[in-house]
Amino acid sequence: MDTPPSPPVIFSPRRRLAARSRMAAMRGRGEAVSTVAREIAEDAIDRLGFLNRKFDRVLVIGDVTDAFAEHLTAQGSEVAVADPCAQFGSVLDEEKPLPGGPYDLIASLGLLDTVNDLPGALALMRRALASDGLMIASFLAAGSLPVLRKAMLTADGERPSPRIHPQVDVRAAGQLMTRLGYASPVVDGWGFDVGFESLDQLVSDLRAQALGNVLADPGPPLGKAALKVARNAFADEAGEDGLVRERFEIVTLSGWSPAPRF
């Protein structure tokens, strides 16, 4: 039997872990920024509110706010918390079989946009579910950070470098869920805007949320002249209040492990 080809290495696991470790250190110093994580966790909690269902055993991956786990614990669920970074829970690699299952609910919040094998990670989550268990995954999607993308392209000129992550769009995510065998798959795209005073503020906030560049080939750093061009290009997008509205697009996938038929 032929061995299936390995997925392309787009993201660096080492850089990804370093970004989350830096986020943990910044949170420890009181420099936490949780804008994206908070929106994702609150949306996931709202989604559960529409289900008349108690989940006995739950695995929560990546929620640095702890809001989702605390919500389920308050409802009597037994919750395990995991993350690629040890500071946020039991260490877990989403591209390897998930330990401790089967689970009635697995939620991955804010992480799967930077795994190299997204289909594999989603398939592993399905295998770790109990019969008729639920999977929810939310992460940054295509269309995010359009102002930053434009500023970086302007700064790079005729030789653009890889600086912004490739991202999954809603249609591709829907096709993927169906192919992986999830029952009753649902794929939603949603988003929100955040105002920033400067490019430096945006970059600082992204780093504080482990949302910076973790590409395996991150490209060369911007020189002083190019950085000035990027700052000016970003500032040119400001509204009348002086703030630049940056967009964060989120895709949320949910699906059930098929229940046995008798």
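Structural data are supplied above this passage.
Residues numbered from 1 in each chain as written. Predicted model: local features only at pLDDT ≥ 70, side-chain atom pairs only at ≥ 80, totals over all residues. Heavy atoms only, no water.

## A word on empty space enclosed by the protein
In plain terms, the rule: A pocket, in this scheme, is an open set of points on a 1 Å grid over the protein atoms alone with protein on both sides within 12 Å along at least 5 of 7 lines, while a cavity is a set where a 1.4 Å probe fits but cannot get out; residues line either one if an atom lies within 4 Å of a point. Grid points are joined across faces, edges and corners, and a volume is the space filled by probe spheres set on the points. Think of it as three bins: nonpolar holds Ala, Val, Leu, Ile, Met, Phe, Trp, Tyr, Cys and Pro, charged holds Asp, Glu, Lys and Arg, and polar takes everything else, Gly as well.
Applying the stated criterion to the full structure yields one cavity of 30 Å³ or more. Approximately 30 Å³ is the volume attributed to the largest cavity. Around the largest cavity, the lining residues are Thr35, Val36, Val194, Phe196, Asp205, Gln209 and Phe248. Residue composition of the lining of the largest cavity, grouped by class: four nonpolar, two polar and one charged.

## Topic: helix α1 (residues 13–28)
In an α-helix, one turn spans 3.6 residues, which is why side chains three or four residues apart end up on the same side. Put simply, the rule is: Secondary structure elements are defined from DSSP: runs of H or I of at least 4 residues count as helices, runs of E of at least 2 residues count as strands, and each element is numbered from the N terminus. Multiplying one less than the number of residues by 1.5 Å gives the expected span of a helix. Here's how the labels work: a residue is buried when its accessible area is under 20% of the maximum for its type, exposed when over 50%, partly exposed in between, all with a 1.4 Å probe on protein chains only. Here, the arc refers to the directions that run from the helix axis to the C-beta atoms. By definition in these notes, contact holds between two residues if any of their heavy atoms fall within 4.5 Å.
For α1, spanning 16 residues, the distance from its first C-alpha to its last is 23 Å, which sits close to the expected 22 Å at 1.5 Å a residue. Here α1 has its buried residues at Arg16, Ala19, Arg20, Met23, Ala24 and Met26. With its buried residues spanning 165 degrees around the axis, α1 presents them on a single face. Of the residues in α1, the exposed ones pointing more than 90 degrees away from the buried face are Arg14 and Gly28. Next to the buried residues of α1 lie β2 (78–83) and α7 (199–208). Gly30 lies just past α1 and shows a positive phi near 80 degrees.

## A word on the side chain of Ser108
Summarising the element assignment, Ser108 is placed in strand β4 (residues 103–109). Judged by relative accessible area, Ser108 falls into the buried class, the value being 1%. Excluding residues within four positions of it along the chain, Ser108 makes contact with Ile61, Met125, Ile136, Ala137 and Ser138.

## Describing the environment of Asp56
Inspection of the secondary structure puts Asp56 in the loop between α2 (35–49) and β1 (57–61). Along the sequence, Asp56 and Ser77 sit 21 residues apart, while their C-alpha atoms lie 4.7 Å from each other. Not counting residues within four places of it along the chain, the set of residues in contact with Asp56 comprises Ser77, Glu78 and Asp104.

## Comments concerning the sheet that holds β1
For clarity, the cut-off: A strand pair is defined by DSSP finding two or more bridges across the two strands.
Sheet architecture is open: seven strands sit in the order β3-β2-β1-β4-β5-β7-β6, paired in mixed fashion. Every other strand in the sheet has two partners, leaving β3 (90–91) and β6 (183–196) as the edge strands with one partner each. Direction of pairing for β1 relative to β4: parallel, over a ladder of four bridges. When the sheet's bridge partners are listed, Leu59 is paired in β4 with Ile106.

## Section: the layout of surface pockets
Left-over empty space is what a probe sized like a water molecule reveals as it rolls over the atoms. As a volume, the largest pocket reaches approximately 1,100 Å³. Those elements giving two or more residues to the lining of the largest pocket turn out to be α1, α2, α5 (146–156) and α7. Broken down by class, the residue content of the lining of the largest pocket amounts to 26 nonpolar, eleven polar and ten charged.

## Digging into the pairing of strand β7 (residues 244–256)
The buried fraction of β7 amounts to ten of the 13 residues, a majority that puts the element mostly inside the structure. Relative to β7, strand β5 (residues 129–140) is paired through seven bridges, and the arrangement is antiparallel. If you follow Leu134 over to β7, its bridge partner there is Trp256.

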